[in-house]
Amino acid sequence: MFQKILIANRGEIAVRIIKTCRRMGIRTVQVYSEADAGSLAVEMADEAVLIGPAPAAQSYLLADRIVEAVRRTGAEAVHPGFGFLSENAGFARRLRDEGMAFIGPNPEAIEAMGDKISSKKLAAEAGVSTVPGHMGLIETTDEAVRIANQIGYPIMIKASAGGGGKGIRVAHSDADMAEGFAAVKAEALNAFGDDRVFLEKFIVDPRHIEIQVLGDKHGNVVHLFERECSIQRRNQKVIEEAPSPLLDEKTRAAMGAQAVALAKAVNYDSAGTVEFVAGQDKSFFFLEMNTRLQVEHPVTELITGVDLVEQMIRSAWGERLAFEQKDLAIDGWAIESRVYAEDPYRGFLPSIGRLVRYDTAEEGPHPDGYTVRNDSGVREGDEISMFYDPMIAKLCAWGPTRDAAIDGMARALEDTHLQGVGHNVPFLAAVMDQPRFRSGHISTRYIQDEFPDGFHGLAPTRRQTDILIAAAAAMNEILTELSGDPSNRTDWIVLIGQEAHGVTLSYDDDEALTLDLAGEDRALRLSDIDWRPGLAQFRADLDGEPFTAEVARVADGFVIRHRAAKARVRVLTPAVAALYARLPEKQAADTSKLIQSPMPGLVVAIPVAVGQEVKTGETVAIIEAMKMQNILKAERDGVVKAVSAKAGDPVAADDVLVEFE
């Protein structure tokens with residue numbers, strides 16, 4: 001077995017690989033950029049080598065630097081993780097020529113499957129169902145529009161070398177095609193160094209289902225069942241689960257057989273994923289093959305008990321698979337939520353900055369019957385950089401059934417607290433609580449369908465309203481006692497926004513706090529309270545059921561969030577509460593004439609000038625962040641009064657780019 005492996009990646013996947021290597025007794029070398037010098041992966045690895053400045057093009061994408069690091073450290077093999085050079089056939093071939101092992105498939109398999117155009121042709125030859133489309137290269141926008149009309153809209157525009165949700169747009173008209181084709185080519189060139197683009201028919205109301213395959217160097221290939229990856233935003237997976245709630249045993253077997261057939265056709269010899277687009281009628285078509293470890297691999301590991309990183313290492317060493325297809329079975333259900341540094345309340349825009357606080361759910365089995373796994377590459381105090389993907393963690397929950405896994409994930413999200421950057425935990429929690437998700441009737445349009453006007457949180461359920469009341473009253477009681485207030489007041493008004501709830505407090509023999517709700521003929525019992533001033537999470541049992549709420553003290557009360565329900569809550573005397581009803585609400589500033597940067601990033605272009613007339617829908621700015629180009633359009637007709645930025649300028653969130661008269 002290998003004695004030393006170099007990890008040519010960063011963040012959570014580097015940490016993930018190190019954990020398996022430690023268990024196998026293999027030493028690790030972590031390469032890093034200047035931005036990652038203090039990272040968790042660097043801290044955990046046995047050795048670390050600096051390979052360049054922060055931008056990936058000057059560090060993680062430089063094969064020369066990585067090969068030199070292998071030579072310097074005496075590593076015998078390279079694990080590329082995902083992204084960066086993981087699907088670069090030239091890199092894999094170079095390592096082989098240098099006598100260094102590549103922990104991934106052979107270069108020929110990467111070459112055959114890594115290119116989205118050639119892979120579809122090979123899939124068709126192998127008898128795999130494929131989506132109608134144009135697999136040839138397309139050079140010009142006019143050519144793209146002509147071909148799109150031949151296929152018929154809607155059309156998906158895809159970068160041939162794409163991955164990770166980048167380099168993908170859906171066009172519903174000639175205008176969409178003209179704009180999207182140019183944008184995808186630009187994104188593809190920037191992210192992958194390859195601007196080739198192809199078109200395929202977009203399946204309406206589709207599901208994204210993928211099959212995990214695993215092969216060795218002796219011709220053996222198995223599949224480890226499927227993952228449902230339909231909850232996506234901008235073609236980027238957000239929530240994944242295994243198995244899929246759509247498939248029956250017959251369809252699962254058919255998809256698995258096609259995936260194995262395709263892998264065998266290209267002599268595949270590592271972990272890989274065959275992705276399918278599936279109709280609600282269980283029809284399915286080959287989408288692409290990812291010749292690497294997938295981000296969402298933990299859910300497969302949780303339902304099969306197979307460590308995919310270990311199997312990749314063993315395959316690269318030349319070992320035969322230690323199991324056959326008949327030895328594999330699905331055990332329970334697993335769900336993964338990708339925790340991102342992005343603000344769901346601002347259109348999921350990327351957020352950068354320091355993780356001032358990072359509290360995570362306790363990993364391992366929980367008394368309520370679910371198991372938590374948290375794959376993360378950052379710690380409290382670490383910086384979320386603008387140079388890389390904004391993922392903070394992959395939070396996973398396993399349960400014996402799908403409902404149990406969803407319940408476990410919802411609780412794990414409650415126990416996750418982040419501060420310092422915008423994050424999508426409230427959104428992830430909202431999905432767990434939605435009846436449609438729980439029903440399993442989902443598609444890749446889920447987020448568009450359920451949140452057509454963006455995410456603004458969810459209205460509290462009755463239980464969540466009870467949680468807001470009880471938590472606020474309990475914190476107020478604790479603060480009152482600490483301040484030495486001699487009044488011993490028991491009657492309070494709890495204001496949630498402008499909604500008033502009268503409560504009378506008392507303690508029972510077990511020191512639990514009882515809240516009698518005025519006019520409702522019921523009481524709440526709050527026990528096992530775990531909170532003190534300064535804590536950002538309030539934990540307790542409400543009527544015997546545990547919960548965790550995120551809390552923050554403000555001038556005259558608290559801001560409390562339970563899952564996707566968030567509110568300003570005040571605990572007041574009846575007299576003061578009566579006065580609050582008369583206070584006028586503060587009016588928001590008028591920003592209708594401003595085009596502001598929605599995120600930190602770099603200005604790609606400002607295609608308007610002072611004095612220019614602009615129509616609604618025209619592009620007024622293009623901002624690049626996290627390797628994605630974001631097109632800002634005018635929301636009204638107007639004349640440009642001022643332009644405050646130019647191409648190449650760095651901008652912060654809310655910086656004014658263009659002002660209209």
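Residues numbered from 1 in each chain as written. Predicted model: local features only at pLDDT ≥ 70, side-chain atom pairs only at ≥ 80, totals over all residues. Heavy atoms only, no water.

### A few points about the sheet that holds strand 38 (residues 638-643)
Step number 1: Taken in spatial order, the 4 strands make up an open sheet running 33-40-38-35, and their pairing is antiparallel. The open sheet has two free edges, formed respectively by strand 33 (594-596) and strand 35 (613-614), since each of these has just one partner strand. (Pairing = 2+ DSSP bridges. Helix = DSSP H or I, 4+ residues; strand = E, 2+ residues; numbered from the N terminus.)

### Some points on unusual backbone geometry
Step number 1: A cis amide bond, omega 0°, links Y153 with the succeeding residue P154.
Step number 2: Take P154: it is sitting in the loop between helix 7 (141-151) and strand 7 (155-163).
Step number 3: A cis amide bond links A242 to the next residue, P243, at an omega of -5°.
Step number 4: Within the element layout of this structure, P243 appears in the loop between strand 12 (236-242) and helix 9 (249-265).
Step number 5: Positive phi, normally seen in glycine, also occurs at D528, with a value near 50°.
Step number 6: Locating D528 in the fold gives a position in strand 28 (residues 522-530).
Step number 7: A positive phi is found at D654, a non-glycine position, where the angle reads about 75°.
Step number 8: Relative to the assigned elements, D654 resides in the loop between strand 39 (650-651) and strand 40 (656-660).

### Topic: the environment of A45
Step number 1: Within the secondary structure, A45 sits in the loop between helix 2 (40-44) and strand 3 (47-52).
Step number 2: As a C-alpha pair, A45 and T28 span 17 residues in sequence and 5.4 Å in three-dimensional space.
Step number 3: The residues touching A45, leaving out its near neighbours within four places in the chain, are I18, T28 and Q30. (Contact = heavy atoms within 4.5 Å.)

### Considerations on the environment of A109
Step number 1: Structurally, the position occupied by A109 is in helix 5 (residues 107-114).
Step number 2: Sequence separation of A109 and R522 is 413 residues, and the distance between their C-alpha atoms is 66 Å.
Step number 3: Not counting residues up to four positions away in its chain, the partners in contact with A109 are G114, V266, Y268 and T291.

### A look at the layout of surface pockets
Step number 1: One number sums up the size of the second largest pocket: a volume of about 470 Å³.
Step number 2: What lines the second largest pocket is a set of 22 residues, and nearest its centre among them are E414, D433, R438, H562 and R563.
Step number 3: Of all elements in the fold, only helix 12 (402-414), helix 16 (462-483) and strand 30 (545-554) reach the threshold of two or more residues within the lining of the second largest pocket.
Step number 4: Element by element, the count of residues in the lining of the second largest pocket is highest for helix 12, at 5 residues.
Step number 5: Considered class by class, the residues forming the lining of the second largest pocket number 9 nonpolar, 4 polar and 9 charged. (1 Å grid on protein atoms, 1.4 Å probe; cavity = no way out; pocket = protein on both sides within 12 Å on 5 of 7 lines; lining within 4 Å. Points joined across faces, edges and corners; volume = space filled by probe spheres on them. Nonpolar A, V, L, I, M, F, W, Y, C, P; charged D, E, K, R; others polar.)

### A few points about helix 3 (residues 63-73)
Step number 1: For helix 3, the complete set of buried residues consists of A63, I66, V67, A69, V70 and T73. For helix 3, the angular spread of the buried residues around the axis is 155°, confining them to a single face. Projecting away from the buried face of helix 3 at angles above 90 degrees are the exposed residues D64 and R72.
Step number 2: For helix 3, the elements touching its buried residues are strand 1 (4-7), strand 2 (27-33), strand 3, strand 4 (77-79) and helix 4 (89-97). (Buried < 20%, exposed > 50% of the residue type's maximum accessible area, 1.4 Å probe, protein only. Arc of directions from axis to C-beta.)

### Regarding the pairing of strand 36 (residues 619-625)
Step number 1: Where burial is concerned, most of strand 36 is hidden: 6 out of the 7 residues are buried.
Step number 2: Taken together, the 3 bridges between strand 34 (residues 601-605) and strand 36 define a ladder with antiparallel strand orientation. Paired with V603 across the bridge in strand 36 is I623.

### With respect to the nonpolar core
Step number 1: Ranked by size, the top nonpolar core spans 41 residues in total, and within it I239, I335, I392, F427, M432 and F437 carry the most contacts.
Step number 2: For this core, the secondary structure elements donating two or more residues are strand 12, strand 15 (333-340), strand 23 (391-399), helix 12, helix 13 (425-433) and helix 15 (446-450).
Step number 3: The element that contributes the greatest number of residues to this core is helix 13, accounting for 7 residues.
Step number 4: Ignoring sequence-local partners within four residues, the contact set of M432 consists of I239, I335, S337, I406, M409, A410, L413, F437 and R438.
Step number 5: Counting 37 residues, the second-largest nonpolar core is a separate cluster that includes A14, L40, A77 and V295. (Core = buried A, V, L, I, M, F, W, Y, C linked by side-chain atoms within 4.5 Å.)

### Some words on the sheet that holds strand 23
Step number 1: One open sheet accounts for 9 strands, arranged 14-13-10-11-12-15-23-21-20; its pairing is antiparallel. Each end of this open sheet is capped by a strand with a single partner; those strands are strand 14 (284-290) and strand 20 (364-365).
Step number 2: On top of the sheet, helix 1 (residues 11-24) reaches strand 21 (371-376) and strand 23; it is set at about 115° to strand 21, its chief contact. (Axes fitted to C-alpha atoms, helices over the stretch in contact; angles between N-to-C directions.)

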